[in-house]
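Working through the structure, step by step
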Amino acid sequence: MSINRNLLNIIAVLCVCLNLGCNEGAQEREIDSHTIQVSSLFPSSSSSCVLSPRASTTKSSLHVTHRHGTCSRLNNGKATSPDHVEILRLDQARVNSIHSKLSKKLTTNHVSQSQSTDLPAKDGSTLGSGNYIVTVGLGTPKNDLSLIFDTGSDLTWTQCQPCVRTCYDQKEPIFNPSKSTSYYNVSCSSAACGSLTSATGNAGSCSASNCIYGIQYGDQSFSVGFLAKEKFTLTSSDVFDGVYFGCGENNQGLFTGVAGLLGLGRDKLSFPSQTATAYNKIFSYCLPSSASYTGHLTFGSAGISRSVKFTPISTITDGTSFYGLNIVAITVGGQKLPIASTVFSTPGALIDSGTVITRLPPKAYAALRSSFKAKMSKYPTTSGVSILDTCFDLSGFKTVTIPKVAFSFSGGAVVELGSKGIFYAFKISQVCLAFAGNSDDSNAAIFGNVQQQTLEVVYDGAGGRVGFAPNGCS
């Protein structure tokens, strides 16, 4: 009997130990993964719009809306269905143009008001899908206009009357400079006109001594018109006189609905550079994870989270519009991927508000994909779409457990992606890992906007650094 009792005691101790082990394992899985409702990966059918408290309460802050969402001024409270394959095609065009710029293949072109379509497409930026927009007031009296904001562009521009050749369709009335008392054309002998080469890739030209700008995008879109100065109103307390912008009288392309673009790059003609005395080249944003929520774009340091971790802007992007980063490591499910440091350091990296899908060097992407698939083995795989090759069929699942993904940057900044920053969902039977590999080892990595969703991203141009914090939209 005593032997039996001893056996029972041993079994009881083993059971306790096993239970503890099970609990510890569960806790580890919880720490290293997200479990979310599958339905949360898709747009809500609700027509309501939830406003960002940050944008509603912080000085110098604008609401950021998704171009296709219920919160957008362009959609009258109704979400529109984006063409995901087209979005990814445009995304690749943008990535190609960024890599082309970084490889210093640009040449200086000259543009005239009458010959806009002759601008060489290979030398332009590419707008991509232009997912996120803000509303800015232009002129006196103020005209509220929806502008795509873009950290990879410098010159702010909007469509203007009269449309000399063509204007694309936009939701709001096209800005008429003749009805604004604060509008001025800029002379073609001015320093600002001379700055167009670095800001747009095209030298300014003259029309009756007025400066003409031209910017061509890699997707055959373009804007040509007068370089001008005008009053910009962000909020009732943040008004700027004499901001340089492009007043486009000949515009064509994939901007449909929006009035133009707000350039947030690093050139001296960018909006942060022009407002540096007020904001010291500091701005931050949070991109909403859902089309029925707004995020914020905030100028200056007001309201920036104390938990922001900064990383230095790298030298790879010196002389360009872009904000460079140094990626040091990637972890998946708490495990650091076996990637040699030179895989990241050789091509370098940058952050871009207009690139949708994060691009990684081929070896880094292969390691990420392999680890992610291994940790998602309980979910059936399915065919890829466009640039996305790692997709899962989540039909029949109410929840999905996703391994956490974190990026480590130089200076000690570790950025854990939000649960919405890992997948790109086409339909319930096709939910894909939102990363892609570059075609060449020498092409820079790009930290895209899917991965940035819900993060607070801080650009400190004067301090030469970029910062990240979680829960940036709340």
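Keep in mind it's a predicted model, so treat the numbers as computed, not measured.

Before going further, it helps to examine the pattern of salt bridges. Counting across every chain of the model gives 12 salt bridges. In this structure, Asp352 engages Arg94 in a salt bridge whose closest nitrogen and oxygen atoms are separated by 2.7 Å. Remark: Arg94 occurs in helix 3 (residues 84–102) and Asp352 occurs in the loop between strand 20 (349–351) and strand 21 (358–360); sequence separation between them is 258 residues. The pair formed by Asp352 and Arg94 is uniform in burial state, with each residue classed as buried. Asp144 serves as the salt-bridge partner of Lys142, at 2.9 Å between the closest nitrogen and oxygen. Of the residues examined, Lys142 reaches a relative accessible area of 46% and is grouped as partly exposed. The exposure class of Asp144 is partly exposed, given its relative accessible area of 32%. Via salt bridges that share partners, Arg94, Asp150 and Asp352 belong to a single interconnected network.

For the coordinates displayed, the defined rule picks out 25 aromatic pairs. Taking 5.4 Å as the distance between ring centres and 40° as the angle between the ring planes, the aromatic pair formed by Tyr285 and Tyr459 counts as tilted. Residue Tyr285 is found in strand 14 (residues 282–286), and its partner Tyr459 is found in strand 31 (residues 456–460); the two are separated by 174 residues along the sequence. Under the relative-accessibility criterion, Tyr285 is labelled buried at 0%. Tyr459 gets classed as buried once you look at its relative accessible area, which sits at 0%. On the basis of an interplanar angle of 10° and a centroid distance of 6.2 Å, the ring pair of Phe407 and Phe435 is categorised as stacked. You can see Phe407 sitting in strand 25 (residues 405–409) and its partner Phe435 sitting in strand 29 (residues 435–437), a full 28 residues away along the chain. In this pair, the class of Phe407 matches that of Phe435, namely buried.

Attention shifts here to the nonpolar core. If you look at the biggest cluster of nonpolar residues, it comprises 79 residues, and the most contacted ones within it are Phe149, Leu297, Phe299 and Phe407. Ranked by residue count, the leading element in this core is strand 11 (residues 222–235), at six residues. Apart from residues lying up to four places away in sequence, Phe407 is in contact with Ile327, Ala329, Ile330, Thr358, Leu360, Ala413, Val414, Val415, Leu417, Phe435 and Phe447. Judged by nonpolar contacts, the second largest core, of 20 residues, contains Ile148, Tyr217, Phe255 and Val258.

Our next topic: the environment of Ser56. Within the secondary structure, Ser56 sits in helix 2 (residues 53–57). Look past the residues within four positions of Ser56 in its chain and what remains in contact with it is Leu51 and His63.

Moving on, we get to the state of the cysteines. Structurally, a disulfide amounts to a covalent bond that connects the sulfur atoms of two cysteines. Tallying each qualifying case throughout the model produces seven disulfides. Here Cys193 connects covalently by a disulfide to Cys211, the sulfurs 2.1 Å from one another. Where Cys193 bonds to Cys211 through sulfur, the torsion about that S-S bond is close to 85°, and the disulfide is right-handed. You can see Cys193 sitting in helix 4 (residues 191–194) and its partner Cys211 sitting in strand 10 (residues 210–216), a full 18 residues away along the chain. The burial state of Cys193 is the same as that of Cys211; both residues are buried. Two residues share a disulfide in this structure: Cys391 and Cys432, whose sulfurs sit 2.1 Å from each other. Every disulfide takes its handedness from the sign of the S-S torsion; for Cys391 and Cys432 that torsion is 105°, giving right-handed.

Attention shifts here to the sheet that holds strand 25. The sheet built from four strands is open, its strands ordered 19-18-25-26 with antiparallel pairing. This sheet does not close on itself; its edge strands, each paired only once, are strand 19 (335–336) and strand 26 (414–416). With three bridges joining them, strand 25 and strand 26 adopt antiparallel strand pairing. The residue bridging Ala406 from the neighbouring strand is Glu416, located in strand 26. Relative to strand 18 (residues 327–332), helix 9 (residues 362–375) is tilted by about 15°, and along the sheet it contacts strand 18, strand 19 and strand 25.

All right, on to the UniProt feature "active site" (unreviewed entry) in the protein chain then. The feature "active site" (unreviewed entry), as given by UniProt, occupies Asp150 and Asp352 in the numbering adopted here. Taken together, the annotated residues stretch across 203 residues yet fold into one region, lying no more than 7.7 Å apart by C-alpha. Relative to the helices and strands, Asp150 is located in strand 5 (residues 143–150). Judged by its relative accessible area of 2%, Asp150 is buried. With residues up to four places along the chain from it excluded, the contact list for Asp150 reads Arg94, Leu261, Leu262, Gly263, Leu264, Gly265, Asp352, Ser353 and Gly354. Side chain to side chain, Asp150 and Arg94 meet in a polar contact 2.6 Å long.

Parameters at a glance
Residues numbered from 1 in each chain as written. Predicted model: local features only at pLDDT ≥ 70, side-chain atom pairs only at ≥ 80, totals over all residues. Heavy atoms only, no water. Salt bridge = Lys/Arg side-chain N within 4 Å of Asp/Glu carboxyl O. Helix = DSSP H or I, 4+ residues; strand = E, 2+ residues; numbered from the N terminus. Buried < 20%, exposed > 50% of the residue type's maximum accessible area, 1.4 Å probe, protein only. Phe/Tyr/Trp six-rings, centres within 6.5 Å; stacked < 30°, edge-to-face > 60°. Core = buried A, V, L, I, M, F, W, Y, C linked by side-chain atoms within 4.5 Å. Contact = heavy atoms within 4.5 Å. Disulfide = S-S within 2.5 Å. Pairing = 2+ DSSP bridges. Axes fitted to C-alpha atoms, helices over the stretch in contact; angles between N-to-C directions. UniProt positions renumbered as here; feature names shortened; annotations may be inferred. Polar contact = N/O pair within 3.5 Å; in protein donor to acceptor, adjacent residues only side chain to side chain.

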